[in-house]
Amino acid sequence: MTDSKYFTTTKKGEIFELKAELNSDKKEKKKEAVKKVIASMTVGKDVSALFPDVVNCMQTDNLELKKLVYLYLMNYAKSQPDMAIMAVNTFVKDCEDPNPLIRALAVRTMGCIRVDKITEYLCEPLRKCLKDEDPYVRKTAAVCVAKLHDINAQLVEDQGFLDTLKDLISDSNPMVVANAVAALSEIAESHPSSNLLDLNPQSINKLLTALNECTEWGQIFILDCLANYTPKDDREAQSICERVTPRLSHANSAVVLSAVKVLMKFMEMLSKDLDYYGTLLKKLAPPLVTLLSAEPELQYVALRNINLIVQKRPEILKHEMKVFFVKYNDPIYVKLEKLDIMIRLASQANIAQVLAELKEYATEVDVDFVRKAVRAIGRCAIKVEQSAERCVSTLLDLIQTKVNYVVQEAIVVIKDIFRKYPNKYESVIATLCENLDSLDEPEARAAMIWIVGEYAERIDNADELLESFLEGFHDESTQVQLQLLTAIVKLFLKKPTETQELVQQVLSLATQDSDNPDLRDRGYIYWRLLSTDPVAAKEVVLAEKPLISEETDLIEPTLLDELICYIGTLASVYHKPPSAFVEGGRGVVHKSLPPRTASSESTESPETAPAGAPSGEQPDVIPTQGDLLGDLLNLDLGPPVGGPPLATSSVQMGAVDLLGGGLDSLIGGPNFVAPPAAAVPPNLGTSMGSGLSDLFDLTSGVGTLSGSYVAPKAVWLPAMKAKGLEISGTFTRQVGSISMDLQLTNKALQVMTDFAIQFNRNSFGLAPAAPLQVHAPLSPNQTVEISLPLNTVGSVMKMEPLNNLQVAVKNNIDVFYFSTLYPLHILFVEDGKMDRQMFLATWKDIPNENEAQFQIRDCPLNAEAVSSRLQSSNIFTVAKRNVEGQDMLYQSLKLTNGIWVLAELRIQPGNPSFTLSLKCRAPEVSQHVYQAYETILKN
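On a predicted model such as this, the values are computed, not experimentally measured, just so you know.

So, on to the overall build of the protein chain. Assigned secondary structure in the protein chain consists of 37 helices and 13 strands. Counting over 939 residues, the protein chain shows a buried share of 52%. Taking the intrachain contacts of the protein chain between residues at least 6 apart in sequence as the baseline, contacts between residues at least 24 apart amount to 67%. Accessible surface, the protein chain as shown: approximately 43000 Å² in total, 52% of it carbon and sulfur.

Below, the structure is given as structure tokens:
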């Protein structure tokens with residue numbers, strides 16, 4: 001009879017019977033009783049009253065009974081900690097049992113009993129099991145260390161278990177190695193700054209050797225660990241890739257994706273000219289294709305990962321278009337994902353095939369799928385110019401089917417095609433206008449209104465068409481109302497005499513009868529423009545529109561690089577970094593791809609790669625609003641306002657002189673000459689009393705002209721990505737002024753003129769404080785050096801990573817985009833020295849969970865040298881003391897946005913490793929402040 005009989009009883013007074021049976025002399029009866037107890041526990045009954053009786057049954061040689069008792073113990077030890085101590089002796093005894101299975105079982109159960117009182121008793125048995133002669137016991141003990149660390153981290157460190165774990169990485173048994181790696185990775189994740197997995201070529205070699213003989217989960221742990229290692233050069237990267245490649249043919253899809261992650265990461269370090277690079281690309285395609293023959297759920301995960309891979313390296317799967325064709329029985333979530341990848345892989349070579357497929361899909365029965373297919377045809381037209389003609393005729397055929405939702409999607413994408421290819425396909429407008437009455441979705445109605453307004457001069461009855469929309473103005477969605485307002489204003493500017501009444505009607509509807517602030521604001525702007533300066537209105541409203549790019553839904557490059565490091569995890573399915581969905585965010589480390597090595601073809605850093613363009617070709621058009629960089633287009637690319645940067649001072653906003661001279665010019669009388677904006681350190685205006693004395697007090701750091709550390713210039717925008725314009729640069733801070741030092745080189749054959757620069761919104765509001773001044777045209781092969789003053793009064797938006805800066809540079813040829821990371825120390829202000837009392841009070845006031853600890857290694861400086869070097873970059877030493885032979889520096893710094901960061905730096909004379917503790921009310925800043933410390937002290 002099966003064990004199901006234990007779950008069928010519902011007798012009352014059962015506990016007393018079970019108590020008697022548990023204390024029975026007969027082994028069989030005891031075993032039956034324990035099974036009944038476990039069954040009751042499983043269905044949710046409280047059998048904790050039997051705790052002492054069940055614990056008595058531990059003294060047995062029967063392995064099955066022992067397992068059952070241990071199961072009970074794990075469940076109830078937390079609610080009965082005092083009773084659980086009774087079991088300690090048995091654990092200690094079982095850890096010395098001749099049977100390795102019992103030893104392993106004891107150590108496993110010990111790890112699962114999360115009771116503080118017991119943990120110290122378990123250290124000795126655990127230490128023995130970690131050095132046990134049987135590998136099964138050692139591998140179980142390795143995982144137990146991670147569990148114990150979760151309960152009491154300090155105890156594990158004091159007992160030296162972490163060092164024993166590190167030794168297990170060199171174990172002769174591959175499963176022990178895998179479990180040791182898994183345990184160390186788990187511990188390292190919850191303590192990002194601990195650097196437990198200190199990998200070096202020797203330990204990597206051991207891991208690669210163990211990789212071939214592990215179970216599949218062991219292989220995944222080892223591969224994930226390898227992915228966190230940065231090889232010292234491209235040769236080491238290639239040798240690791242060669243040893244990982246055989247994992248691509250593994251039957252377990254998780255192993256395959258982990259191997260792909262390692263290869264994608266290390267390929268970053270390989271030169272594209274290498275024969276091996278080409279071989280590796282070819283080897284990556286078949287395993288990814290094989291993943292698509294699994295069940296739908298696995299296919300979906302594989303497709304989400306492939307979507308990232310295709311954005312990073314489209315060349316891997318460029319010949320595999322057919323496997324992404326949709327099957328009739330694919331679930332909708334797989335179909336939609338396949339469609340997305342098909343468009344990413346569409347190129348001139350395969351567009352005919354793709355279009356034929358998409359046209360088929362547009363006649364399917366699944367509405368969501370048909371919509372996406374129609375939209376895909378439009379995206380193909382925008383992506384592959386040669387196919388635009390065919391795409392438009394395909395869309396017109398679909399409109400002729402008169403299927404409502406197909407027509408509406410087609411109109412939405414044709415609007416985008418008009419934006420991409422102006423004055424080419426406008427002949428189809430007549431066909432579109434025939435379908436006006438059938439449009440009932442906001443997006444389609446808005447698209448149609450945009451087309452009518454944009455091409456009003458070609459449509460005879462444009463005013464009638466727009467008037468028909470105006471009748472139900474208040475019932476329309478905001479999107480349609482805004483579009484209708486703009487379209488009628490365009491129409492009025494093109495045909496003023498016939499449409500005066502219409503424009504007055506829409507303006508009064510928008511401004512007087514509407515509750516929507518966006519609509520009212522836009523209405524008032526148009527009203528004032530039209531009434532004060534119709535010529536300006538024409539220039540604004542009918543300005544030439546930027547072309548839209550083919551890929552508006554690409555993942556931003558720095559985020560894409562981070563997600564590539566998370567292939568095979570939830571982050572790769574959500575397409576979000578772990579910090580966006582992991583609760584609490586503790587222990588989430590931002591990962592990035594390794595920098596390309598010197599032997600590689602360019603010094604481009606991963607951050608500067610253009611948004612998802614296939615390597616080597618930058619889309620020569622402007623991204624639309626969908627892309628983060630599209631935000632830059634909302635900003636004027638003309639010269640920015642040249643007023644002085646607002647001082648980070650205590651002057652009230654109302655007192656700032658709008659003419660830019662500041663209040664000082666009033667104090668100084670009629671002959672006073674205001675200093676140039678860039679030369680005034682922002683903090684000199686803080687308090688006139690202390691300002692002058694500070695100038696000569698070199699200890700406070702304001703008067704020192706040495707300035708903070710300046711990194712060497714790096715290439716931010718390679719010439720091949722910007723039609724011959726190469727931009728290199730770095731950031732500097734000198735006497736309170738931040739500047740971006742640029743080097744522009746013209747590697748094209750034509751002269752470059754009309755330079756302008758603009759920044760996207762960023763975490764600290766960095767913005768140009770003056771126009772980009774290139775005084776003479778930049779001739780071919782000429783280089784010019786420019787220092788662009790910056791201020792921190794621009795728009796603020798939290799970036800990922802925090803110090804990411806997205807830049808648009810315009811010249812007479814085009815607009816180019818790149819992103820770069822600025823070092824945080826350029827934002828450390830000169831008045832960042834806190835007095836001692838204030839420091840102490842603030843340190844106590846900031847909660848302990850905001851404290852982050854970091855190690856600074858290989859820094860041979862003494863405390864004096866450290867203090868003076870940091871002071872030149874505005875990190876001030878508030879106090880210094882010596883504790884047990886260690887120098888403790890207490891330091892403060894202040895960022896331009898007013899955030900204070902407090903630091904404690906421990907320096908052991910003669911030891912080149914320092915411990916840095918940072919406290920701050922905005923803990924996300926700490927990692928970047930630590931990087932600033934490293935940069936300043938090591939350069």
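Contact geometry of helix H11 (residues 161-168) with helix H12 (residues 174-190) gives a least axis separation of 8 Å together with a crossing angle of 140°. Our classification of the angle between H11 and H12 gives oblique. The two elements H11 and H12 meet at a crossing, and its hand is left-handed. Every residue of H12 that contacts H11 at Leu-162, Leu-165, Lys-166 and Leu-168 is listed here: Val-176, Val-177, Ala-180, Ala-183, Leu-184 and Ile-187. Residues of the contact of H11 with H12, tallied by class, amount to nine nonpolar, no polar and one charged.

Looking now at the pattern of salt bridges. Following the criterion strictly, the structure yields 35 salt bridges and no others. Across the pair Glu-64 and Lys-35 runs a salt bridge, and its minimum N-O distance is 3.4 Å. Here Glu-64, found in helix H4 (residues 63-76), pairs with Lys-35, found in helix H2 (residues 27-42); they are 29 residues apart in sequence, far enough to count as distant. The exposure class of Glu-64 is partly exposed, given its relative accessible area of 36%. One network of salt bridges, in which partners are shared, links Arg-371, Arg-375, Glu-409, Glu-441 and Glu-443.

The subject of this paragraph is the side chain of Ser-873. On the secondary structure map, Ser-873 appears in the loop between helix H36 (863-871) and strand E10 (876-883). Judged by its relative accessible area of 1%, Ser-873 falls in the buried class. Within the structure, the side chain of Ser-873 is placed 3.3 Å from the backbone nitrogen of Tyr-709, a separation counted as a polar contact.

So, on to the environment of Leu-788. You can see Leu-788 is positioned in strand E6 (residues 783-791). Leu-788 sits 49 residues away from Ser-739 along the chain, and the two C-alpha atoms are 5.4 Å apart. The residues touching Leu-788, leaving out its near neighbours within four places in the chain, are Ile-738, Ser-739, Met-740, Ile-757, Phe-759, Pro-768, Ala-770, Pro-771 and Leu-772.

What follows deals with the pairing of strand E2 (residues 725-734). A large share of E2 lies buried, amounting to nine of its ten residues. Bridge count for strand E1 (residues 714-717) against E2 is three bridges, and the pairing is antiparallel. Following the sheet pairing, Ala-714 is matched in E2 by Gly-729. Two strands pair when backbone bridges link them, and E2 and strand E3 (residues 737-746) are joined in this way by ten bridges, in the antiparallel orientation. Note that in E3 the partner of Ile-727 across the bridge is Leu-744. The loop that links E2 with its antiparallel partner E3 comprises two residues; one of these, Val-735, has a positive phi angle of about 45°.

The strand order across the open sheet built from five strands is E9-E13-E12-E11-E10, with neighbouring strands paired in antiparallel fashion. Here the strands that pair on one side only, and so sit at the sheet edges, are strand E9 (851-856) and E10. Between one strand axis and the next, the sheet turns through 20° on average, direction left out of account. Most of the contacts of helix H35 (residues 836-845) go to strand E12 (residues 900-907), to which it runs at about 95°, and overall it touches E9, E10, strand E11 (886-894), E12 and strand E13 (914-920). Here H36 sits on the sheet in contact with E10, E11, E12 and E13, set at roughly 5° to E11.

Chain-level pLDDT for the protein chain is 80 on average; 85% of the residues reach the 70-or-more range. Counting interchain partners and residues more than four positions distant, the pLDDT-below-50 stretch residues 598-705 has 156 contacts.

A pair of packed helices is characterised by two quantities: the angle between their axes and the separation of those axes. Helix H16 (residues 253-267) packs onto helix H15 (residues 234-244) with a crossing angle of 160° between their chain directions and a minimal axis gap of 10 Å. The angle between H15 and H16 falls in the class roughly antiparallel. For the element pair H15 and H16, the recorded crossing hand is left-handed. Here H15 contributes Ala-237, Ile-240, Cys-241 and Val-244 to the contact with H16, which in turn contributes Ala-259, Val-262, Leu-263 and Phe-266. When its residues are assigned to classes, the contact of H15 with H16 shows eight nonpolar, no polar and no charged.

Backbone-to-backbone hydrogen bonds join strands into a sheet, with any given pair of strands oriented parallel or antiparallel. Across the sheet, three strands lie side by side as E4-E7-E8; this open sheet has antiparallel pairing. Of all strands in the sheet, those with a lone pairing partner are strand E4 (756-759) and strand E8 (815-821), marking the two edges. Between one strand and the next, the sheet's axes are offset by a mean angle of 25°, whatever the strand orientation. Bridging between strand E7 (residues 804-810) and E8 involves seven bridges; their strand directions are antiparallel.

The next thing to look at is unusual backbone geometry. Here Glu-800 and Pro-801 are connected by a cis peptide whose omega angle stands at -5°. Relative to the helices and strands, Pro-801 resides in the loop between E6 and E7. The backbone of Asn-874 sits at a positive phi, close to 70°, despite the residue not being glycine. Secondary-structure assignment places Asn-874 in the loop between H36 and E10. Of note in the backbone geometry, Glu-884 takes a positive phi value of approximately 50° without being a glycine. Positionally, Glu-884 belongs in the loop between E10 and E11. Classification of Glu-884 by relative accessible area gives exposed; the value is 79%.

We now examine helix H9 (residues 135-151). Between the first and last C-alpha of H9 there are 25 Å, a value that for 17 residues agrees with the 24 Å anticipated at 1.5 Å per step. Residues of H9 that are buried: Val-137, Arg-138, Thr-140, Ala-141, Ala-142, Cys-144, Val-145, Ala-146, Leu-148, His-149 and Ile-151. On the buried face of H9, the contacting elements are helix H7 (100-112), helix H8 (116-130), helix H10 (153-158), H11 and H12.

Turning our attention to the environment of Val-541. Summarising the element assignment, Val-541 is placed in helix H30 (residues 534-541). Residue Val-541 is classed as buried on the basis of its relative accessible area, which comes to 9%. Separated by 55 residues in the primary sequence, Val-541 and Thr-486 have C-alpha atoms spaced 7.9 Å apart. If we skip the residues at most four places from it in the chain, Val-541 touches Val-489, Lys-490, Leu-493 and Tyr-526.

All right, on to the pairing of E10 then. One ladder, built from seven bridges, connects E10 with E11; its direction is antiparallel. Bridge pairing links Val-883 to Gln-886 in E11. Count of turn residues in the E10/E11 antiparallel hairpin: two residues, of which Glu-884 carries a positive phi of about 50°.

Now for the nonpolar core. Tyr-72 and Phe-418 are the most contacted members of the largest nonpolar core, which totals 214 residues. Three or more residues apiece are contributed to this core by two domains, here domain 1 (346-439) and domain 2 (441-532). Ignoring sequence-local partners within four residues, the contact set of Tyr-72 consists of Val-37, Ile-38, Met-41, Val-47, Ser-48, Leu-50, Phe-51 and Val-54.

Before going further, it helps to examine the packing of aromatic side chains. Per the counting criterion, the structure on display carries twelve aromatic pairs. Centre to centre, the rings of Phe-418 and Tyr-455 are 5.3 Å apart; their planes meet at 80°, and the pair counts as edge-to-face. In this pair, Phe-418 is assigned in helix H23 (residues 404-420) and Tyr-455 in the loop between helix H25 (442-454) and helix H26 (462-470), connecting sequence segments 37 residues apart. Ring centres 5.2 Å apart and planes at 35° place the aromatic pair Trp-716 and Phe-731 in the tilted group. On the criterion of sequence distance, the pair formed by Trp-716 in strand E1 and Phe-731 in strand E2 is long-range, its members being 15 residues apart. Like Trp-716, the residue Phe-731 is buried in the burial classification. Pairwise contacts between aromatic rings join Trp-716, Phe-731, Phe-818 and Tyr-822 into one cluster. Lying across the ring of Phe-369, Lys-335 places its NZ or CZ 5.1 Å from the centre.

Cut-offs used in this document
- Residues numbered from 1 in each chain as written.
- Predicted model: local features only at pLDDT ≥ 70, side-chain atom pairs only at ≥ 80, totals over all residues.
- Heavy atoms only, no water.
- Helix = DSSP H or I, 4+ residues; strand = E, 2+ residues; numbered from the N terminus.
- Buried < 20%, exposed > 50% of the residue type's maximum accessible area, 1.4 Å probe, protein only.
- Contact = heavy atoms within 4.5 Å.
- Areas by Shrake-Rupley, 256 points an atom, 1.4 Å probe, with all protein chains shown as cover.
- Axes fitted to C-alpha atoms, helices over the stretch in contact; angles between N-to-C directions.
- Parallel < 35°, antiparallel > 145°, perpendicular 65-115°, else oblique.
- Left-handed = near helix turned anticlockwise from the far one by under 90°.
- Nonpolar A, V, L, I, M, F, W, Y, C, P; charged D, E, K, R; others polar.
- Salt bridge = Lys/Arg side-chain N within 4 Å of Asp/Glu carboxyl O.
- Polar contact = N/O pair within 3.5 Å; in protein donor to acceptor, adjacent residues only side chain to side chain.
- Pairing = 2+ DSSP bridges.
- pLDDT = per-residue confidence, 0-100.
- Expected span 1.5 Å × (residues − 1).
- Core = buried A, V, L, I, M, F, W, Y, C linked by side-chain atoms within 4.5 Å.
- Domains from an automatic or database assignment.
- Phe/Tyr/Trp six-rings, centres within 6.5 Å; stacked < 30°, edge-to-face > 60°.
- Lys NZ or Arg CZ within 6 Å of the ring centre and 35° of its normal.

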